[in-house]
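Chain residues, written in single-letter form:
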Amino acid sequence: MTTVPPPKPTKADLEAAVHKTVPDLVAPNLKVLFCGINPGLYTAALGHHFGRPGNRFWPALHGAGFTPRLFKPWEEHELLPLGYGITNMVTRTTAAASELRPDEYVAGGQRLTTLVQHHTPRVVAFLGIGAYRSAFGRPKAQPGLQPERLGASRLWALPSPSGLNANHQLSDLVALLRALRAWVEQS
């Protein structure tokens, strides 16, 4: 566990990242397990979740009050004592989520189900509503609390914080995450 920033990935690092994965950041009984779509090349090269500088996960998380300050990706381990973890729907690294196949989402949903049954977080927050829809066959799912559960865990769908997601601004993500945080604190 380091708080020292890793070096910026080189072009060779990015090319080699396609063969890397980013380990889950999980522990039993988390308040929230954040579930991204899959690691991007920059994130995999860095070895830390939501590592690309344009990704809005860390600013949105802080803006919504989940963290006491703006964490850097390489400080992700500081989430566990706060009761939060991170995983990905699909572990395969790609340059863009659009490279993923439908069967990878379904397989990722099955992997996630096993992970959630083992660790029993209070809520699984999907950071990519399309990934949630694809993995669990919920084509009409809207952002927010979902009626379904994974075991005892509640499900919450949110937009992807990727800088490539132009449909939602940082302020939108903060507002949606703030609603999740309020629900977690009240339940």
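Since the model is a prediction, treat every value here as computed from it, not as a measurement. (Residues numbered from 1 in each chain as written. Predicted model: local features only at pLDDT ≥ 70, side-chain atom pairs only at ≥ 80, totals over all residues. Heavy atoms only, no water.)

A. Highlighting the pattern of salt bridges. On inspection of all chains with the given rule, the structure shows 8 salt bridges. Taking the shortest distance from any N to any O, the salt bridge between Asp-103 and Arg-101 comes out at 3.1 Å. Owing to a relative accessible area of 45%, Asp-103 belongs among the partly exposed residues under this scheme. Residue class for Arg-101 comes out partly exposed when judged on its relative accessible area of 43%. Residues joined in a network through salt bridges with shared partners are Arg-92, Arg-101, Asp-103 and Glu-104. (Salt bridge = Lys/Arg side-chain N within 4 Å of Asp/Glu carboxyl O. Buried < 20%, exposed > 50% of the residue type's maximum accessible area, 1.4 Å probe, protein only.)

B. Examining helix H4 (residues 102-119) more closely. Its 18 residues place the ends of H4 26 Å apart at the C-alpha level, agreeing with the 26 Å of an ideal helix rising 1.5 Å per residue. The complete set of buried residues in H4 reads Glu-104, Tyr-105, Gly-108, Gly-109, Leu-112, Leu-115, Val-116 and His-119. Mapping the buried residues of H4 onto a view down its axis gives an arc of 140°, with all of them on the same face. Residues of H4 that are exposed and point over 90 degrees away from its buried face: Gln-110, Thr-114, Gln-117 and His-118. Of the surrounding secondary structure, the elements contacted by the buried residues of H4 are strand S1 (32-36), strand S2 (84-88), strand S3 (123-127), helix H5 (129-136), strand S4 (144-150) and strand S5 (153-158). One or two steps after H4, the chain reaches Thr-120, where phi turns positive at roughly 45°. (Helix = DSSP H or I, 4+ residues; strand = E, 2+ residues; numbered from the N terminus. Expected span 1.5 Å × (residues − 1). Arc of directions from axis to C-beta. Contact = heavy atoms within 4.5 Å.)

C. Focus on unusual backbone geometry. Unlike most non-glycine residues, Phe-50 shows phi in positive territory, near 50°. Checked against the element boundaries, Phe-50 lands in the loop between helix H2 (41-46) and helix H3 (57-63). The exposure class of Phe-50 is buried, given its relative accessible area of 10%. Positive phi values are uncommon outside glycine, yet Thr-120 reaches one of about 45°. The residue Thr-120 is located in the loop between H4 and S3 in this model.

D. Summary view of the packing of aromatic side chains. Applying the stated criterion to the full structure yields 10 aromatic pairs. Centre to centre, the rings of Phe-57 and Trp-58 are 4.9 Å apart; their planes meet at 80°, and the pair counts as edge-to-face. Their ring planes at 50° and their centres at 5.8 Å tell us that Trp-156 and Trp-183 sit as a pair that is tilted. Here Trp-156, found in strand S5, pairs with Trp-183, found in helix H6 (residues 170-186); they are 27 residues apart in sequence, far enough to count as distant. Note on Trp-156: relative accessible area 8%, which makes it buried. Taking the relative accessible area as the measure of exposure, Trp-183 reaches 21% and is therefore partly exposed. Put simply, the rings of Phe-34, Phe-50, Phe-57, Trp-58, Phe-66 and Tyr-84 touch in pairs and so form one group of aromatic residues. (Phe/Tyr/Trp six-rings, centres within 6.5 Å; stacked < 30°, edge-to-face > 60°.)

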